Amino acid sequence: MVFAAPGEARTKAEAVLRHRPEPLHASVAHQVIGIWQRDFGDMRLALRHLRRARDWAARAGSADREADVLATLGVALVHSGRTRQGLDALRRGVGRGTGHTRARVLFRRAYSWWVLGHHKEALEDVRRAVPVLRQAGDVIWTARALTLRATVHLALGAVERADADFASAEDLWAVTDQEHDKADAVESRGLAAFRSGDVPAALRLLDEAEERYAKLGTPTFMLSIRRCEVLMAAGLAAEALAEADAAIAELDSIGGQSTRKAELLLAAARAARLADDPATAIARAALAARLFAGQRRSWWEAHARLVLIGARHAAGRRSGRLVADAAAVAERLVELGAPAAPEAFLLAGRMALGLGRTADAERYLAVAARSRRSGPPLARMTGWAAQALRARAAGSTRGVLEACRRGLGVLDDHRMTLGASELRARATAQGAELAALAQQAALRSGGPRQLLVWSERWRATVLSAPPTRPPADPELLSHMTAYREIAARAEETRMEGRPVPALERDQRRLEREIRSRTLHMRAEAPHGGDRFDVGRLLERLGDGVRLVELAVVDGRVQVLLCGRGRVRRFEAGLLAAAETEAEHVQAGLRRMAHPGAEARLPVVEAAGRRLEELLLGPAVAHLGDGPLVIVPPGRLHRVPWALLPSLRERVVSVSPSASSWLRARETVPPRGGRQVLVRGPGLATGGAEVTRLAARYGGATVLEHRDASVPRVLAELDGAGLAHIAAHGTFRTDGPMFSSLRMADGPLIVHDFERLGRSPYRIILSCCDTARFATVGADELLGLVTALLPLGTAGVVACSAPVNDAAVVPLMLALHEGLEAGLPLAEALRDARAALPQDALHRATGWAFTAFGAA
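The rules behind the values
- Residues numbered from 1 in each chain as written.
- Predicted model: local features only at pLDDT ≥ 70, side-chain atom pairs only at ≥ 80, totals over all residues.
- Heavy atoms only, no water.
- Helix = DSSP H or I, 4+ residues; strand = E, 2+ residues; numbered from the N terminus.
- Rg over C-alpha atoms; globule rule 2.2 N^0.38 Å.
- Buried < 20%, exposed > 50% of the residue type's maximum accessible area, 1.4 Å probe, protein only.
- Contact = heavy atoms within 4.5 Å.
- Areas by Shrake-Rupley, 256 points an atom, 1.4 Å probe, with all protein chains shown as cover.
- Lys, Arg positive; Asp, Glu negative; His and termini not counted.
- Charge placed at Lys NZ, Arg CZ, Asp CG, Glu CD.
- Pairing = 2+ DSSP bridges.
- Right-handed = clockwise from strand over helix to strand, strands pointing away.
- 1 Å grid on protein atoms, 1.4 Å probe; cavity = no way out; pocket = protein on both sides within 12 Å on 5 of 7 lines; lining within 4 Å.
- Points joined across faces, edges and corners; volume = space filled by probe spheres on them.
- Salt bridge = Lys/Arg side-chain N within 4 Å of Asp/Glu carboxyl O.
- Phe/Tyr/Trp six-rings, centres within 6.5 Å; stacked < 30°, edge-to-face > 60°.
- Patch = residues over 30% accessible without salt bridge, like charges linked within 9 Å, V, L, I, M, F, W, Y side chains within 5 Å.
- Core = buried A, V, L, I, M, F, W, Y, C linked by side-chain atoms within 4.5 Å.
- Arc of directions from axis to C-beta.
- Axes fitted to C-alpha atoms, helices over the stretch in contact; angles between N-to-C directions.
- Parallel < 35°, antiparallel > 145°, perpendicular 65-115°, else oblique.
- Left-handed = near helix turned anticlockwise from the far one by under 90°.
- Nonpolar A, V, L, I, M, F, W, Y, C, P; charged D, E, K, R; others polar.
- Polar contact = N/O pair within 3.5 Å; in protein donor to acceptor, adjacent residues only side chain to side chain.
- Expected span 1.5 Å × (residues − 1).

Considering the overall build of the chain
Each helix and strand in the chain was counted, giving 37 helices and 16 strands. A compact globule built from 855 residues would reach a C-alpha radius of gyration of about 29 Å, and the chain, at 31 Å, matches this within 12%. For the chain, the spread of C-alpha atoms along the principal axes amounts to about 100 × 65 × 50 Å. Within the chain, the fraction of its 855 residues that count as buried is 58%. For the chain, the share of sequence-separated contacts (at least 6 apart) that also reach a separation of at least 24 residues comes to 71%. Total accessible area on the chain is roughly 33000 Å²; 50% of this is exposed by carbon and sulfur atoms. Here the chain contributes 117 positive and 97 negative side-chain charges, whose respective centroids are spaced 5 Å apart.

And the structure:
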């Protein structure tokens, strides 16, 4: 009962002890309480009860009872870090037990061997236990043994064997009432799905297991460890770190298992390393390694030392000693049969190359490169990264580019199984090293076309194919409706000056539910999108249009100027300096959104001149005078390009990638070309331009007041030719997929847009912060605009800074006047800026808006 209904079992055991039971019953009751405390509570109390259970078993004169308690005590001692005592208790339990009881003891010793990382010994004990348990008809313990054997197989990389055992165990669990073990089986299936490369299924199964555990009221420390692993693979390292740290704090608060704490510390260290926080990674990994050493868990200690060495290297440590340490850990992982060995050899090789020790590097990298041919996607990625570094050390540009192509192809296949655009974007971080190696090789080879191809190869890939439509999931739709209602109530309450802690808690809970269900989606038709073709781009640009792609290689901006049948390269400034200048410009535009900021105008204009020098450099003299398309790196997405002196009088549009611009250019407008005008609540001007635009367009659909609800707006936007939305925009740095436009019934979020069959061909977002993005992954952007581009929108006008609502009205009216005259968005926006008064307020308003795409 202690696993089927833990709380009830503990209560009954305490009741037994209150009535002076006979020794045998007292032993069982203390053992039940000890198991509960061991797995869900305080280890000190667990050991106290289990020692009493052992003593009562000895008084009862039952060898099998004593053997059973010794097994439970042994597991608890191992979990508390007293490895030698724990293994001794388990050894005595095996010796005391007979038949069926001995098989159960063997299973628990196998479990302890697995906790300690002794996988060969664990498999041997399970091999001896399973036939006896099956012969005895012990369904529950046979299922537990098969689940354990599958878990050990997973640790050794034998996924197919693990799947077979998990399937057999699940069949057995189906006929029992062991709810905790059933939840554990779901959790284990999630781990198996992850090991086979199915991240969405892993997240779904782990969430299901958590729901099952919650009904039982049991803590989920092992689940947290596994979820951290999956989150890291999905590119959500910061979330993994937060989960691990929260679980550590909870475990410490109850005096829980020392072994679990060490594993959580290791998960936190890995997550911190991936989140570019080497100091935290070093602290967590060092403590984990000490705990594992004290627990005599050499498998785990080796993994902790691998993370520790990698974090020290990331923090700037460079020494032959560190290389030797990495090589020693790699050899130890090979001895242990750990799948992480290639990762360690790659680290040793990378560090040796940095010190100029090419012979050592070649030896280590050659071993790591063997993993490129088989195994899960991330293991093969490790192998191709090693092969690329080998080729670079040998001076083979062709070898580097081939290894990078093959490695990124593996990641493409993995990434495109992910249905959620957020996961697709974040997963690209795992290809960042390969993309950088390829760009460096292409730059050294001297061919600007090749550098353009590799700049495109890993830029804005999330836009290369439409996201998977969210499923017609009634619960998801219900959560989204509830989210809108609560967000709207919270906004109203804030405007009344009252606190909203309860509503904010509900809003955060619903956000977690929506995001969780969205991350479970698998891609409907996995593919990597169209491959970039330089010839096709140049043909589409023709003689009049120029495209400038800004590639960043080793921190410096490389300007790739495309047009008139060729690609030319110019070297500009440092990316870090450009980022700093762009922030200064944004601060200046924010101040100029208010009357009386004329004095800031010369400062902002001077910053624009510096930005032009850093971002375009000598390429400025070769831009021609026709329309210009800018393709910036993700970290420069907030640059107001119209502020740059050479671009102020030009037709300028921005695109996340050249491939994205090509798709927009080739997008055919929908038949009918109907117009939709939307006015949200709470605007300072009341959305004044919407009334005047409605008169201008005549037959346009106008949604305002109660009609401007999210369901109605989405229905009308689907397949429209032109949409104009005047509504407050909110960008969420903490959750870009919840960035929103405020409608009558609450926020219209990015997840809502992804439900559209086809987003409007052209869309104008006339309020603040609608063109802000979160930079994630290798070079990806998440936000409102990037949600629209893969769904059929060919052109967007949006704003990257706070603006003055009143100054926006004349800009929007002039913009639509240009559209009515048949101009594309970028040209209409250029002319609209020129038509504004030339005071600081109106000039800042015009600079804050950008045209995206090609419509």
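A word on the pairing of strand β6 (residues 675-679)
Among the five residues that make up β6, four are buried, leaving the element largely enclosed by the rest of the structure. Here five bridges tie β6 to strand β8 (residues 722-726), and the two strands are oriented parallel to one another. Looking at the pairing, Q675 lines up with L722 of β8. Relative to strand β7 (residues 701-703), β6 runs parallel, the two sharing three bridges. Bridging across to β7, V676 finds its partner in T701. Once you follow β6 into helix α31 (residues 688-697) and on to β7, the crossover reads as right-handed.

Regarding the layout of surface pockets
The calculated volume of the second largest pocket comes to roughly 1100 Å³. F3, R38, D39, H180 and D181 are, among the 47 residues lining the second largest pocket, the residues nearest its centre. Elements that contribute at least two residues to the lining of the second largest pocket include exactly α2 (23-40), α4 (63-79), α6 (99-116), α8 (139-155), α10 (179-195), α12 (221-233) and α13 (237-254). Ranked by the residues each element gives to the lining of the second largest pocket, the list is headed by α2, at seven residues.

Here we look at the pattern of salt bridges
Scanning the entire structure with this criterion turns up 59 salt bridges. Where R54 meets D55, a salt bridge forms, and the shortest distance between an N and an O atom there is 3.4 Å. Between E496 and R498 there is a salt bridge, with its nearest N and O atoms 2.5 Å apart. Each member of the salt-bridge network shares a partner with another, and the members are D207, E210, R227 and E243.

A word on the packing of aromatic side chains
For the coordinates displayed, the defined rule picks out five aromatic pairs. With a centroid separation of 5.6 Å and an interplanar angle of 90°, the aromatic rings of F107 and W141 are classed as edge-to-face. In this pair, F107 is assigned in helix α6 and W141 in helix α8, connecting sequence segments 34 residues apart. Given the relative accessible area of 11%, F107 is considered buried. Taking relative accessible area as the criterion, W141 reaches 12% and is therefore assigned buried.

Concerning a positive patch on the surface
A contiguous patch of positive charge on the surface is contributed by R505, R508, R509 and R512. As for its position among the elements, R512 is in helix α26 (residues 501-519).

Let's talk about the nonpolar core
Core analysis: the biggest nonpolar cluster contains 150 residues, and L333, L423, L537 and L547 have the highest contact counts within it. With 10 residues, the top contributor of residues to this core is α6. If sequence neighbours within four positions are ignored, L547 has contacts with L537, L541, L560, L561, C562, V629, V631, A658 and W661. Of all hydrophobic cores here, the second largest spans 108 residues; its members include A642, L683, L717 and A727.

Here we look at helix α36 (residues 825-835)
Inspection of α36 places L825, A826, A828, L829, A832 and R833 among the buried residues, and these make up the whole buried set. The buried residues of α36 occupy an angular sector of 160° when projected down its axis, which confines them to one face. Residues of α36 that are exposed and angled more than 90 degrees away from the buried face: A834 and A835. Taken together, the buried residues of α36 touch β5 (652-654), β12 (762-765), β15 (795-799), α35 (805-820), α37 (840-848) and β16 (849-853).

Quick word on the packing of helix α18 (residues 341-354) against helix α20 (residues 377-393)
Contact geometry for α18 and α20: axes closest at 10 Å, N-to-C directions at 25°. What the angle tells us is that α18 and α20 run roughly parallel. Between α18 and α20 the crossing geometry is left-handed. Residues P342, E343, L346, R350 and L353 of α18 form the contact with α20, whose own contacting residues are T382, A385, A386, L389 and A393. A per-class count over the contact of α18 with α20 returns seven nonpolar, one polar and two charged.

Considering the pairing of β12
Across the two faces of β12 the burial is the same, with R762 and I764 and I763 and L765 all buried. Relative to β12, β8 is paired through four bridges, and the arrangement is parallel. Within β12, the residue paired with I725 across the bridge is L765. For β12 and β15, the ladder comprises three bridges, and the chain directions are parallel.

Some words on the side chain of S80
On the secondary structure map, S80 appears in the loop between α4 and α5 (83-96). Using a relative accessible area of 19% as the deciding quantity, one classes S80 as buried. Among the polar contacts made by the side chain of S80, one reaches the main-chain carbonyl oxygen of L77 at a distance of 2.8 Å. Here S80 is in contact with M43, L47 and S258, once residues within four sequence places are set aside.

Looking at the sheet that holds strand β9 (residues 729-730)
Adjacent strands of a sheet form backbone hydrogen bonds with each other and so pair up, either parallel or antiparallel. Taking strand neighbours across the sheet as the criterion, the three strands line up as β9-β10-β11 in an open arrangement whose pairing is antiparallel. For this open sheet the edge positions go to β9 and β11 (746-749), each flanked by a neighbour on one side alone. The pairing of strand β10 (residues 740-743) with β11 spans four bridges and is classified as antiparallel. For S740, the partnering residue across the bridge sits in β11 and is I749. Sitting on the sheet, helix α25 (residues 474-495) touches β10 and β11, and the angle it makes with β11 is about 130°.

Structural notes on the side chain of H479
Take H479: it is sitting in helix α25. Aside from chain neighbours lying at most four places away, what touches H479 is L510, E513, I514 and R517.

Re the environment of P627
Within the element layout of this structure, P627 appears in the loop between α29 (601-615) and β4 (628-631). When the C-alpha atoms of P627 and A379 are compared, they prove to be 45 Å apart, with 248 residues separating the residues in sequence.

Observations concerning α26
Because an α-helix packs 3.6 residues into every turn, residues spaced three or four apart end up facing the same way. The end-to-end C-alpha separation of α26 is 27 Å, in line with the 27 Å expected for 19 residues at 1.5 Å each. Taken together, the buried positions of α26 are L503, Q507, L510, E511, I514, R515, T518 and L519. Around the axis of α26, the buried residues are gathered within 165° of arc, so they sit on the same side. Looking at α26, the residues exposed on the side facing more than 90 degrees away from the buried face are R505 and R512. Here the buried face of α26 lies against α11 (199-216), α13, α22 (421-427), α25 and α33 (750-753).

Describing unusual backbone geometry
A positive phi angle, close to 60°, is found at R296, a residue other than glycine. Its identity as a non-glycine residue notwithstanding, D554 has a phi of 55°, on the positive side. Inspection of the secondary structure puts D554 in the loop between β1 (546-553) and β2 (556-563). Among the residues examined, D554 registers a relative accessible area of 63% and is labelled exposed.

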